[in-house]
Amino acid sequence: MAKVPLPKEKWSGNIGSVSLGDGGVRAGGGKGMPFLSFEDRSYPRALIAGEVMDDVSDFPQIVLDQFGEAASDPVSWAEEWKARGADLICLRLLSTDPDRGDASPEDAARTAREVADATGLPLIVYGCGIADKDADTMEAVSASLAGHRSILAYVEEDSYKRISAAAMANKHSVLAFSNLDINLAKQMNILLSDFGVDRSDMVMDPLMAPLGMGMEYSYSVNERIMLAALSGDRMLQVPMVCDASQAWQVRDCSDDDPSLGDVAERAAWWEFTTALAALLSGADILILRGHDAMALVKEAIDDLGGGA
Amino acid sequence: MPTAIEFFKFLPKTNCGECGQATCLAFAMQLANQKATIDACPYVDGGAKEKLEESSAPPVRAITIGSGDRAVSMGGETVLYRHERRFVNPTAFAISISDTCSAQEMEQEVSKYLDMAFERVGTVFNIDMFVLRDDSGDPESFRTAAVRLRSLTDLPLVLESSSADVLSSAAAELRDVRPLIYGAGQDNIEAMVAVAKENSLPLALIGNDLDRMAEMVEVARKGGVEDLILDLGSSSMKHILESNTVARKVSLRRTFKGLGYPLMNLVGSGPAAMMKASLAVMKYSSLVVFDSLEAQQALPLMTLRQNIYTDPQVPIQVKEDLYPISDPGEESPILFTTNFSLTYFTVRADIEKSRQPVWLQVVDTEGLSVLTAYAAGKFSHEHVATALQASGALDRSKGPIVTPGMVAKLSGKLEEALGRKVMVGTMESSALPKFLKNLRQ
Ligand code: B12
Ligand code: SF4
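Residues numbered from 1 in each chain as written. Chains lettered and ligands numbered in written order. Predicted model: local features only at pLDDT ≥ 70, side-chain atom pairs only at ≥ 80, totals over all residues. Heavy atoms only, no water.

**Things to note about the overall build of chain B**
Okay, so step 1: Across its full length, chain B carries 17 helices and 17 strands.
Okay, so step 2: Relative to its full complement of 441 residues, chain B shows a buried share of 55%.
Okay, so step 3: Expressed as a percentage of contacts within chain B between residues at least 6 apart in sequence, the contacts between residues at least 24 apart total 66%.
Okay, so step 4: Of the accessible surface of chain B, which amounts to about 18,700 Å², a share of 48% is contributed by carbon and sulfur atoms. (Helix = DSSP H or I, 4+ residues; strand = E, 2+ residues; numbered from the N terminus. Buried < 20%, exposed > 50% of the residue type's maximum accessible area, 1.4 Å probe, protein only. Contact = heavy atoms within 4.5 Å. Areas by Shrake-Rupley, 256 points an atom, 1.4 Å probe, with all protein chains shown as cover.)

So this is what it looks like as C-alpha cells:
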C-alpha cells in the first residue's frame, strides 16, 4: 500500500517555558507547530487567564450578566473564574487611572494580593495604560505579590526599565509588548535581555488583533514568530500571550442587531474564534473575557489534544 | 515548477530559434520564469510535454463546482503559510438538506439560508452551496428532490449518497450545472467513479486513512476522474488539523503525489460544528458542510474566512476621493478619514445612520487605519490638505472640516494650512450621529 510520509520537521529550537505561581503552573515549552502530535507529542496545554477589572464602568453588560454578583468585586470575580477552570487571573487595575478615581499604587497592590490569596492562581497584572502611573503601580504590585510568581504587564520599547526592574526584584515575569511585527517582537526581547531579564522570566504579547479588526495580520505574525523560534532564533523562544478579550472591541461582536443573530452567543463565538486563531498560531496563554467563550475554548483545547 | 535545467533536458538542443529565443537554453529559462509556454517549441514530443505539464501543475489541483456566476473554485493553493503568499480560493460553506423533506420544507430551508447574508467591509458574505442528502434511498425521490432544489437556487450543489444507483439519474439530469458527487468510499468507489466519469462531474472521495485515500485517488484517476475533492474525516478538531495539514504539506513539498486535491469537511451542527468549521477555515479546507447554521455563528465564521483569505501584505482599501453621503450641499460638513476599507465602511455606515448630509473625504493612507496611518506618518495635515484640494472639496462646501477624534492633534496645523475652520470629531465614529445632529443646530 502507498505510504504517505509524515511531514515532520526537524526543528532545531523550542519555545522556552516560564513557571508561575508557586512553581506549579508552567507556560510555554512547545517543540513543534501547535497541536501537531507528529511534531510534538506533548504539545503543552495553553493556559487560560480570566479577565477581572477593578472598575467595570464601561464594561460590556453581557459579560457582567454571565458573572452576576461575582463581578461586583475583583476577589469574588476571580474566585468565580477559578471555579470555572481558569489557570490564571488577568487583573486590570483600571482604578489607578487619574480619570477613574486615581487609586494609589498601594491600594492597587492590596487588591492584587487579595486576589492572589483568595485564588492561589498566578496573576497577569495590568495598570491603566499611563506609563508613569503604571510603573509606580507595578513597583507596589511586585512587592505585594512577592513569593507568588506573576506576570507584570506590560513593557514597551520606550518604557520598560522601571517595570522590568520591579519584576526582577521579586522574581516575577515581564510581559513584553510589541506591535504586530516579528522584528519588533524580537527587538523587545533583546532589549529586556540586555537589561538583565532572564529569558525564563519573559513572556511576549505581539498584539493579537481580534477577528474582523486586524486578525489577518496577527495570525501570520504569530506563525512567523513560531517558525523562527522553532528554527532556532533564541530571542523569539519566549512564551506568547494573546489577549482574545480584544474581540469585544469589534462592533460586530456585541452589537445588539437582531439581524446578526443572538448577541450573547455571537459574542462568545467572536471571542472564541479570535482565541482559536491565537491557539493555532502559537498562543501559550490566552486572556479571555467571557466565561461562555472560555467554556468553548476549553472544549476546543481538549478536542485538539493539547496537554498530553 | 521545474527549473530551467529540467526544462532544458526536454528540448532538442538544436537552437533553431523558432520559439523566438536564440537558444534552447534561453527558452528553458523563459519557461522556468513562466514567461513562455512549452507550446512555443514545435519540436517537443507529446510524452515529454505531458511530463512537463505534470511537474509544472499546481501542487493542489484546482477544481470548479457548479456553473455560471455562482460557480465555486477550489484548490490551486501553493503555500502552507499565508505570509508566503495569499491563500487563493476561500473556503466554501454548504448547508445539507434531506431529500425526504417536503417541497414546502425545502423551500423554507433554502430561503432561510439564501437570506443569511451579511455585508462587511464592502463585501457581501453568504452561503455558497447546498448539499442534497439521500435519506430516502430511492433514486426517483432523490432525482425529484434534486430537480426541485435546483429550481430553488442557482448555487452549486452537492449530491450526496452512498449508493451510485440513487445518484445516477440525478447526476445525469443536473450534469450541466456541474454538481459535486459525494462520494466514493472504499466499498463503492468503482460505481461512483463510473457515475462521475459518465457525467464529467467532480467527485468526492471519503476516507480517514491517508494511505487508503491515496489508493482511492489512484483508482479514481485510472477510472478517468481527475477533478477530485478529498474528505479525510472530521471526527475531531485534532483529526481535521492533522489530516488536512499532512495532505497539504506533502503535496506542496511534493514528497507525495497522490493527495494534491482540495479538502472538505462535514461538520454537522451546533457548537462542535462551529469549532470544527473555524479550524477548517484556517487549516486548508476548501468546503465545509453544515447540517444547520445560525446567523450568530455564520457572521463570525464568514468574517474569519475573510480575514484568513486576505493578503496581509495588501490591506483592503478604497479609492481616495470625495464621497457625498445623503445629498450634501454648500453648507454641509466635510469629514475626512483614511482609505482602509474597514475604517471607511465603518465611518460611512455611521454617517448614513445619522441621515445628515455629509461630504466624506477619503485620504490615501495606503490602506491603514487612523492610528496606524498616523503612527506610520501617512496621515499628516499635509496629506489631508492635499487630498482636500485635489478633490475640490474645499470649493464644494463652506462647511466645517471635521477630523477623526483620534487625530485631534492634526486640527491646529490643518486649520493653518487651509485657512478654514477645523473641528475635532468623536473618537469612535459610532458617536457621529449625535455629533452631526448637534452640529446642525
Ligand atoms: C491592525 C493594526 C495594524 C496593521 C494595519 C491595519 C491597517 N490596515 O491599518 C499593521 C500590522 C500593518 C499595523 C502596523 C502598525 N501599527 Co497598528 N494597529 C492595528 C490595530 C490592532 C487595529 C487597527 C484597526 O484596524 N482599527 C479599526 C479601524 C476601523 O479603526 P480606525 O481607523 O481608528 O477608525 C475608527 C475611529 O478612528 C473613528 N474614525 C475613523 N475615521 C473617522 C473620521 C471621523 C470624521 C470621525 C469623527 C471618526 C473617525 O471611527 C472608526 C470606528 O470606530 C491597532 C490596535 C487596536 N486594537 O486598535 C494597532 C495600532 C493602531 N497600531 C499602532 C502602531 C504604532 C503601528 C505601527 C507604527 C507599529 C510599528 N512600529 O511598526 C505600524 C505602522 C504601519 C506601517 N509602518 O506600515 C498603534 C498606534 C499607536 C498610536 N496611539 O498612535 C496601535 C493603536 C496599537 C497600539 N496600542 O500600540 N497595525
Ligand atoms: S524552438 Fe525548440 S528547438 Fe528551436 S530553439 Fe526554441 S526550444 Fe530550441
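From this point, things continue past the structure.
**What about the site of ligand 1?**
All names here are of chain B.
Okay, so step 1: In the vicinity of ligand 1 there are 37 residues, among which T337, T343, G367, S369 and E428 approach most closely.
Okay, so step 2: The side chain of E428 places a nitrogen or oxygen atom 2.7 Å from an oxygen atom of ligand 1.
Okay, so step 3: The set of elements that each furnish at least two residues to the shell around ligand 1 consists of β14 (334–338), α12 (341–354), α13 (370–375) and β16 (401–403).
Okay, so step 4: When the residues that make up the shell around ligand 1 are grouped by side-chain class, the tally is 22 nonpolar, 13 polar and 2 charged. (Near = heavy atom within 4 Å. Polar contact = N/O pair within 3.5 Å; in protein donor to acceptor, adjacent residues only side chain to side chain. Nonpolar A, V, L, I, M, F, W, Y, C, P; charged D, E, K, R; others polar.)

**A word on the sheet that holds strand β10 (residues 285–288) of chain A**
By definition, the strands of a sheet pair up through backbone hydrogen bonds, in either a parallel or an antiparallel sense.
Residues and elements named next belong to chain A.
Okay, so step 1: On the basis of which strands lie adjacent, the open sheet formed by 8 strands has the order β8-β7-β6-β5-β4-β3-β10-β9 and parallel pairing. The open sheet has two edge strands with one neighbour each: β8 (202–205) and β9 (241–243). For this sheet, the mean inter-axis angle between neighbouring strands, taken without regard to orientation, is 25°.
Okay, so step 2: Examined bridge by bridge, β9 and β10 share 3 bridges and lie parallel to one another. From the neighbouring strand, V241 faces β10, where its bridge partner is I285.
Okay, so step 3: Here helix α5 (residues 161–169) sits on the sheet in contact with β6 (151–155) and β7 (173–177), set at roughly 165° to β6.
Okay, so step 4: Relative to β10, helix α9 (residues 263–281) is tilted by about 170°, and along the sheet it contacts β9 and β10. (Pairing = 2+ DSSP bridges. Axes fitted to C-alpha atoms, helices over the stretch in contact; angles between N-to-C directions.)

**Things to note about the packing of helix α5 (residues 139–152) of chain B against helix α6 (residues 164–174) of chain B**
All names here are of chain B.
Okay, so step 1: α6 packs onto α5 with a crossing angle of 35° between their chain directions and a minimal axis gap of 8 Å. α5 and α6 meet at a crossing whose hand is right-handed. Side by side, α5 and α6 meet where P139, F142, R143, A146, V147 and R150 of the first sit next to D165, V166, L167, S169, A170, E173 and L174 of the second. (Left-handed = near helix turned anticlockwise from the far one by under 90°.)

**Structural notes on the sheet that holds strand β3 (residues 92–98) of chain B**
Residues and elements named next belong to chain B.
Okay, so step 1: Pairing is parallel in the closed barrel, where 8 strands are placed in the order β3-β6-β7-β8-β9-β10-β11-β12. Taken over all neighbouring pairs, the strand axes of this sheet differ in orientation by 30° on average, direction set aside.
Okay, so step 2: Of the pairings in the sheet, the one linking strand β9 (residues 203–206) to strand β10 (residues 228–231) comprises 4 bridges and is parallel in character. Within β10, the position partnered with L203 by the bridge is L228.
Okay, so step 3: The strands touched by α6 are β7 (157–160) and β8 (180–184); relative to β7, the strand with the most contacts, the crossing angle is about 160°.
Okay, so step 4: Its contacts with the sheet put helix α10 (residues 270–282) on β3, β11 (263–268) and β12 (287–290), and the angle it makes with β11 is roughly 165°.

**Quick look at unusual backbone geometry**
Okay, so step 1: With an omega dihedral of -10°, the bond running from A:A153 to A:Y154 counts as a cis peptide bond.
Okay, so step 2: Note that the residue after B:Y182, namely B:G183, is joined by a cis bond; omega there is -15°.
Okay, so step 3: As for its position among the elements, B:G183 is in strand β8.
Okay, so step 4: You will see that A:D102, though not glycine, has its phi angle at about 55°, which is positive.

**A word on the interface of chain A and chain B**
Okay, so step 1: In this assembly, 47 residues from chain A lie in contact with 47 residues from chain B.
Okay, so step 2: Across the interface of chain A and chain B, roughly 4,300 Å² is buried in total on both sides, 65% from carbon and sulfur atoms.
Okay, so step 3: Counting across the chain A and chain B interface gives 7 salt bridges.
Okay, so step 4: The partner of B:R120 in a salt bridge is A:D252, and the shortest N-O contact between them spans 2.9 Å.
Okay, so step 5: Between the two partners, chain A and chain B, sit 20 residue pairs in polar contact (both at pLDDT 80 or more).
Okay, so step 6: Breaking the side of chain A that touches chain B down by element, the ones donating at least two residues are α7 (215–230), α8 (251–254), α9 and α10 (291–304) of chain A.
Okay, so step 7: With 9 residues, the single largest contributor to the side of chain A that touches chain B is α9(A).
Okay, so step 8: In the side of chain A that touches chain B, the residues fall into 28 nonpolar, 6 polar and 13 charged. (Buried area = accessible area lost by both parts, 1.4 Å probe. Salt bridge = Lys/Arg side-chain N within 4 Å of Asp/Glu carboxyl O.)

**Thoughts on the environment of B:L114**
Residue and element names in this part refer to chain B.
Okay, so step 1: As for its position among the elements, L114 is in helix α4 (residues 103–115).
Okay, so step 2: The exposure class of L114 is partly exposed, given its relative accessible area of 38%.
Okay, so step 3: Expressed as a C-alpha distance, the spacing of L114 and T153, which sit 39 residues apart in the sequence, is 8.4 Å.
Okay, so step 4: Ignoring any residue separated from it by four or fewer positions in sequence, one finds L114 in contact with F130, L152, T153 and L155.

**Re the pattern of salt bridges**
Okay, so step 1: All told, the structure shown has 37 salt bridges over all chains when counted by the stated rule.
Okay, so step 2: Of the charged contacts in the structure, one is a salt bridge between A:D102 and A:K133, with a shortest N-O distance of 2.7 Å. Taken together, the positions of A:D102 in the loop between β4 (88–92) and α3 (105–119) and A:K133 in helix α4 (residues 131–144) put the pair 31 residues apart, joining distant regions of the chain.
Okay, so step 3: A single salt-bridge network, built from bridges that share partners, covers A:E9, A:E39, B:K249 and B:R253.

**Some points on the environment of A:A166**
All names here are of chain A.
Okay, so step 1: On the secondary structure map, A166 appears in helix α5.
Okay, so step 2: Expressed as a C-alpha distance, the spacing of A166 and S142, which sit 24 residues apart in the sequence, is 6.1 Å.
Okay, so step 3: Residue contacts for A166: discarding those within four places in its chain leaves M138, E139, S142 and L152.

**A look at the environment of B:E6**
Okay, so step 1: Residue position: B:E6 is located in helix α1 (residues 4–10).
Okay, so step 2: A C-alpha to C-alpha distance of 9.9 Å links B:E6 and B:M29, two positions 23 residues apart in sequence.

**Section: the confidence of the model for chain B**
If pLDDT is low for a region, its predicted coordinates should not be looked at in detail.
Okay, so step 1: Looking at chain B, pLDDT values average 94 and 100% of them are 70 or higher.
Okay, so step 2: For this predicted complex, the interface confidence reaches an ipTM of 0.95, while the overall pTM sits at 0.92. (pLDDT = per-residue confidence, 0-100.)

**Structural notes on the pairing of strand β5 (residues 123–126) of chain A**
All names here are of chain A.
Okay, so step 1: Of the two faces of β5, the one holding L123 and V125 and the one holding I124 and Y126 are both buried throughout.
Okay, so step 2: Looking at chain direction, β4 and β5 are connected through 4 bridges and run parallel. Along β5, the bridge assignment pairs R92 with Y126.
Okay, so step 3: Crossover handedness for the path β4 to α3 to β5: right-handed.
Okay, so step 4: Relative to β6, β5 is paired through 2 bridges, and the arrangement is parallel. (Right-handed = clockwise from strand over helix to strand, strands pointing away.)

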